Amino acid sequence: MRPAENIENLIKNTNIDTNAKIDEEVLVEVVEAFEKSKAKKTSATEQNLGRIIMKSKITKLAAAAVIIIAVMVGINYIGGLPDGTSVAFGKVIANLRSARTVSFTITIEEEGQEPQTMYCWMLEPNHQRIEMQDGRVVIVDTFQGKSISWDPVQKKAYLIATAIAPKYTLNYYDQVKKDLLGNFPDGSEENIGESEINGQRVVGFRLRHHDCEIIVWASVANSMPVMIESAGVLSRKQDKNQKEQTTSISITDMVIGEELDESLFSLSPPGGYSVEETSEPVIKAQQQVIQLLSARIMLKLARACYKYSKEHDGLWPENLQEAIEYGIEDDTLLNLTDPESELGCVYIRPQKTNPRLVLLYQAYEVWPEGGINVSFVDCHTIIINDEATFKEHLDFTLGQQNGY
Amino acid sequence: MIEDKLLIWRFKRGSTEALCRIYNKYKDNLLRLATALLNDTTAAEDIVHGFFVSFAQSPEKLKLNGSLKSYLATCVVNRVRNANKTRQRQETAGLNEADSAVSNLKRPEQWIIDSEQLRQLNDALAQLPEQQREVIILHLQGAMKFKAIAELQGVSINTVQSRYRYGLDKLRSILNSEVKL
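Residues numbered from 1 in each chain as written. Chains lettered and ligands numbered in written order. Predicted model: local features only at pLDDT ≥ 70, side-chain atom pairs only at ≥ 80, totals over all residues. Heavy atoms only, no water.

Student: Requested: an account of the overall build of chain B, with residues and values cited.
Tutor: When helices and strands are tallied, chain B shows nine helices and one strand. Taken from N to C terminus, the helices and strands of chain B fall in the order α-α-α-α-α-β-α-α-α-α. For chain B, the residues scored as buried account for 49% of the 181 residues in total. In chain B, once contacts between residues fewer than 6 apart in sequence are set aside, the share between residues at least 24 apart is 66%. Here chain B has roughly 8900 Å² of accessible surface; of this, 50% comes from carbon and sulfur atoms. (Helix = DSSP H or I, 4+ residues; strand = E, 2+ residues; numbered from the N terminus. Buried < 20%, exposed > 50% of the residue type's maximum accessible area, 1.4 Å probe, protein only. Contact = heavy atoms within 4.5 Å. Areas by Shrake-Rupley, 256 points an atom, 1.4 Å probe, with all protein chains shown as cover.)

What follows is the structure, encoded as structure tokens:
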């Protein structure tokens, strides 16, 4: 008698062959039906993005910058170089890395919210300009520690002091590029073949990292990235009642290495604008950037400890100093929220390898408004927003460590 | 799968490329599923064809709670059920002879290329009670969880698991007896 698994595998693995000609005919009909349905939509149904942006929670321009960085940093988390393609992914990333300038259009959609589109220009090492569809503009200069945003409707500009952390920690574009070819974990890149974008032949690379997937489309002619699409869970659920939200981000019209006039990044508003100095709007956004960078540092620390345990028969380092030869660099030990003080996270030496155990957490005296970063034994690193949830994780970890 | 979320996102925003990818990614699976449920390749082709056209016409209606794969499988199963009901009505009305005469005719070209393995398996599956067959096919070919199948069939998860177990036992014995022959 055949074992049940054999029957199951037989059903699962029975392939079907199809007639390619009929396949093509059906697809043509399906596409025609799709095109017709698109044509039926009236302009009345199109979304008024300007209005949506005004209403949306994430319309603060500074927050938009954070999301862009999240995407760019996301690329950093993804690994290896794929084989078997005439366009090497490494070359694509190298082009992005060596670029002095990059400009692109970014469309962001969070579940339950309408999509938003912004136009971005970045000039190495620390200039960034973002324009919203309603005409509002933000320009960031991290060396000067200042940014300016203006609203063409109100003819009002806000000059904002951004120096709330060491300058280089906010020089995120440069930092992202620096890391792009370094410290890649095992990747799952996949060459998804060629396609065409705006008349340009492109090849796609699918990259995965935990709950995030990114597809990078690069020009066949010059290996320059043309489009980046990503979908993933940027904000994890904090408890079982909360639903994880998927954020989809599409970066299109990428132009790399184009000469950008420095006047684009001037911190002076156009003529006729009144200027108000403030620091309120971006502090939160910058704290989020710092938290993101801090999470990346914790991820590196966690990986170093994990690597140590692999080479020591499952024994984890006594302390972080012991793991220093396993991928901890000088800047990894920096406390971003307070550079003058000691390492800002607490290490709990695992007694067993259970992915639910807390390995590292950001030290705190008073629970921070934006929550803390927590790394687990399997190295995944998340931001936990509420203290009660963190305490549950911590109690579970300590309970396991104590053998009950 | 995150890739599917991306595909849906792009499809809902009018990407023909995304639609083509969904079609190419899942059409074989849906054809296999419909064929196994109906044991009739011609009817299965019509159902999958019709489903994809309708799917393409109303992207805005697409609202997923689970995976895209199981969503598509559920849609096809619903169409198969409707087709079965129509067939039963026709049989009751005495129209089946003419109808089956037409469907048994080989069309000049067919979408599915029959293979011996597929035919044998489908013949064996066809000998199972409909509900058991549906559970096995949806679970193994449609990658649907027992919970989702239970919701679809309107029964408890235990009933679904029993149907799955009994179905597999029966299938095993059918296939074994064929081997002996």
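Having seen the structure, we can now continue with the description.
Student: Give me the lowdown on unusual backbone geometry, citing residues and values where you can.
Tutor: Despite not being glycine, Lys155(A) shows a phi value in the positive range, around 55 degrees. Among the structural elements, Lys155(A) can be located in the loop between strand E6 (146-151) and strand E7 (156-161). Non-glycine residue Asn39(B) carries a positive phi angle of around 50 degrees. Topologically, Asn39(B) is positioned in the loop between helix H2 (16-38) and helix H3 (41-57). Given a relative accessible area of 33%, Asn39(B) falls into the partly exposed group.

Student: Residues and numbers for the pairing of strand E16 (residues 372-376) of chain A, please.
Tutor: Along any regular strand the residues' side chains alternate between the sheet's two faces. Residue and element names in this part refer to chain A. Burial analysis of E16 places five of its five residues in the buried class, which makes it a mostly covered element. Judged by which residues are buried, E16 turns out to be covered on both faces: Ile 372, Val 374 and Phe 376 on one side and Asn 373 and Ser 375 on the other are all buried. Here strand E15 (residues 358-362) pairs with E16 via three bridges, running antiparallel. Counted as the bridge partner of Tyr 361 is Val 374 from E16. Pairing analysis gives four bridges linking E16 to strand E17 (residues 381-384), with the strands arranged antiparallel. When the bridges of E17 are listed, Ile 372 appears paired with Ile 384. Two successive antiparallel strands, E16 and E17, enclose a turn made up of four residues, where Cys 379 displays a positive phi of approximately 80 degrees. (Pairing = 2+ DSSP bridges.)

Student: Provide a residue-level description of the sheet that holds E15(A), including the pertinent values.
Tutor: Residues and elements named next belong to chain A. Reading across the sheet, the four strands line up as E14-E15-E16-E17 and stay open at both edges, with antiparallel pairing between neighbours. Strands at the two margins of the open sheet, each flanked by one partner only, are strand E14 (345-347) and E17. Across the sheet, the mean angle separating the axes of adjacent strands is 25 degrees when strand polarity is ignored. Sheet contacts for helix H9 (residues 387-401): E15, E16 and E17; angle to E15, the most-contacted strand, approximately 140 degrees. (Axes fitted to C-alpha atoms, helices over the stretch in contact; angles between N-to-C directions.)

Student: Describe H3(B), with residues and values.
Tutor: Residue and element names in this part refer to chain B. In this model H3 runs 24 Å from its N-terminal to its C-terminal C-alpha over 17 residues, within 8% of the 24 Å that 1.5 Å per residue would give. The buried fraction of H3 is high, at 12 of 17 residues. When H3 is considered as a whole, its buried residues turn out to be Thr 41, Thr 42, Ala 43, Ala 44, Glu 45, Ile 47, Val 48, Phe 51, Phe 52, Val 53, Phe 55 and Ala 56. (Expected span 1.5 Å × (residues − 1).)

Student: So, the environment of Cys120(A): which residues are in play, and what are the values?
Tutor: Along the chain, Cys120(A) falls in strand E3 (residues 116-123). Through-space distance from the C-alpha of Cys120(A) to that of Ile139(A) is 9.8 Å; in sequence the pair is 19 residues apart.

Student: Account for the confidence of the model for chain B, naming residues and giving values.
Tutor: All names here are of chain B. With 81% of its residues at a pLDDT of 70 or more, chain B has an overall mean of 80. The secondary-structure element of chain B with the lowest mean pLDDT is helix H5 (residues 96-104), recorded at 42, while H3 shows the highest, at 91. Per the prediction output, this complex has pTM 0.42; the corresponding ipTM is 0.80. (pLDDT = per-residue confidence, 0-100.)

Student: Lay out the pairing of strand E4 (residues 127-132) of chain A in plain terms, naming residues and giving numbers.
Tutor: Residue and element names in this part refer to chain A. With five of six residues buried, E4 is to be regarded as a mostly interior element. Across six bridges, E3 lies against E4 in antiparallel orientation. Looking at the pairing, Leu 123 lines up with His 127 of E4. With five bridges connecting them, E4 and strand E5 (residues 137-141) associate as antiparallel partners. Paired with Ile 130 across the two strands is Val 138, which belongs to E5. Between E4 and E5, which pair antiparallel and follow one another directly, the connecting turn spans four residues, one of which, Gly 135, has a positive phi of 100 degrees.

Student: Now, about the pattern of salt bridges: what can you tell me, with residues and values included?
Tutor: Scanning the entire structure with this criterion turns up 11 salt bridges over all chains. For the salt bridge of Glu194(A) with Arg201(A), the shortest nitrogen-to-oxygen distance reads 3.3 Å. On the accessibility criterion, Glu194(A) (46% relative accessible area) is partly exposed. With relative accessibility at 39%, the residue Arg201(A) sits in the partly exposed group. Here Arg201(A) makes a salt bridge to Glu196(A), at a shortest N to O gap of 3.7 Å. What you see here is one network of salt bridges that share partners, running through Asp23(A), Lys27(B) and Asp28(B). (Salt bridge = Lys/Arg side-chain N within 4 Å of Asp/Glu carboxyl O.)

Student: Let's hear about the confidence of the model for chain A: which residues, and what values?
Tutor: Residues and elements named next belong to chain A. Looking at chain A, the pLDDT average stands at 70 and 63% of residues meet or exceed 70. At the level of individual helices and strands, chain A shows its lowest average pLDDT in helix H3 (residues 49-55), which scores 30, and its highest in E15, which scores 90. Counting interchain partners and residues more than four positions distant, the pLDDT-below-50 stretch residues 41-67 has 49 contacts. Counting contacts from residues 164-187, a segment whose pLDDT is below 50, to residues more than four positions away or on other chains yields 71 contacts.

Student: Could you give an account of the packing of H2(B) against helix H7 (residues 130-140) of chain B, with specific residues and numbers?
Tutor: Residues and elements named next belong to chain B. Here H2 crosses H7 at 165 degrees, and the two axes come no closer than 10 Å. Judged by the angle between their axes, H2 and H7 are roughly antiparallel. As H2 runs across H7, the sense of the crossing is right-handed. In contact with Leu 33, Ala 36 and Leu 37 of H2, H7 contributes Arg 133, Glu 134, Ile 137 and Leu 138. Split by residue class, the contact of H2 with H7 holds five nonpolar, no polar and two charged. (Parallel < 35°, antiparallel > 145°, perpendicular 65-115°, else oblique. Left-handed = near helix turned anticlockwise from the far one by under 90°. Nonpolar A, V, L, I, M, F, W, Y, C, P; charged D, E, K, R; others polar.)

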